[in-house]
Amino acid sequence: MPFKIISSQCTGCSACEMECPNAAISEKNGTFAIDAKKCTECIGHFDEPQCVAACPVDNTCVIDTSLARYKASA
Ligand code: SF4
Ligand code: SF4
């Protein structure tokens with residue numbers, strides 16, 4: 001579940017959309033967003049997240065640390 005797109009940095013180029021093996025990325029209001037329920041971090045498909053690899057803007061597809069599984073566990 002854990003990648004998200006920083007919408008203020010997204011240029012709407014759509015490069016990430018077709019690379020996602022789970023069709024988790026779609027356009028919303030001119031920028032793209034990741035459906036956290038569909039994102040698997042590309043585990044089992046690729047060695048690295050394909051949205052990160054495809055995105056021309058650094059640090060735009062990033063881990064969503066607000067999700068519970070990424071919170072520090074003691
Ligand atoms: S990390 Fe992989 S599964 Fe998740 S949104 Fe990016 S391309 Fe899709
Ligand atoms: S590849 Fe990056 S800039 Fe292009 S649509 Fe996806 S998140 Fe936005």
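Our subject in this report is the structure included herewith. None of the values given here were measured: they were computed from a predicted structure.

### Describing the overall build of the protein
Inference 1: Tallying secondary structure elements over the protein gives one helix and four strands in all.
Inference 2: Each helix (α) and strand (β) of the protein, taken in turn from the N terminus, gives the series β-β-β-α-β.
Inference 3: In terms of C-alpha radius of gyration, the protein reaches 12 Å, essentially the compact-globule figure of 11 Å for 74 residues.
Inference 4: Dimensions of the protein, computed from C-alpha atoms along their principal axes, come out at roughly 40 × 25 × 20 Å.

### Some thoughts on the site of ligand 1
Inference 1: Lining the immediate surroundings of ligand 1 are 13 residues, of which C20, N22, C39, C42 and C51 lie closest.
Inference 2: Looking at the shell around ligand 1, its residues break down into nine nonpolar, three polar and one charged.

### Side note on the pairing of strand 2 (residues 25–28)
Inference 1: Sheet topology places strand 2 next to strand 3 (residues 31–34); four bridges connect them, and they run antiparallel. Note that in strand 3 the partner of I25 across the bridge is I34.
Inference 2: Remark: two residues form the turn of the hairpin made by strand 2 and strand 3, two consecutive strands paired antiparallel; N29 in that turn has positive phi of roughly 55 degrees.

### As for the nonpolar core
Inference 1: In terms of nonpolar packing, the biggest core is built from 13 residues, with I5, C16, I25, F32, I34 and C51 touching the most fellow members.
Inference 2: Of all the elements in the fold, those that place two or more residues in this core are strand 1 (3–5) and strand 3.
Inference 3: Excluding anything up to four places from it in sequence, C16 contacts I5, I25, F32, C51 and A54.

### Remarks on the site of ligand 2
Inference 1: In the region of ligand 2, 13 residues are neighbours, and C10, C13, S14, C16 and C55 sit closest.
Inference 2: Classifying every residue of the shell around ligand 2 by side-chain character gives nine nonpolar, four polar and no charged.

### Brief notes about the pattern of salt bridges
Inference 1: Inspection of the entire model under this criterion finds one salt bridge.
Inference 2: As a salt-bridge pair, K4 and D64 come within 3.9 Å of each other at their nearest N and O atoms. Residue K4 is located in strand 1, and its partner D64 is located in the segment after strand 4 (61–63); the two are separated by 60 residues in the primary sequence.
Inference 3: Using a relative accessible area of 31% as the deciding quantity, one classes K4 as partly exposed.

Definitions and limits used
- Residues numbered from 1 in each chain as written.
- Chains lettered and ligands numbered in written order.
- Predicted model: local features only at pLDDT ≥ 70, side-chain atom pairs only at ≥ 80, totals over all residues.
- Heavy atoms only, no water.
- Helix = DSSP H or I, 4+ residues; strand = E, 2+ residues; numbered from the N terminus.
- Rg over C-alpha atoms; globule rule 2.2 N^0.38 Å.
- Near = heavy atom within 4 Å.
- Nonpolar A, V, L, I, M, F, W, Y, C, P; charged D, E, K, R; others polar.
- Pairing = 2+ DSSP bridges.
- Core = buried A, V, L, I, M, F, W, Y, C linked by side-chain atoms within 4.5 Å.
- Buried < 20%, exposed > 50% of the residue type's maximum accessible area, 1.4 Å probe, protein only.
- Contact = heavy atoms within 4.5 Å.
- Salt bridge = Lys/Arg side-chain N within 4 Å of Asp/Glu carboxyl O.

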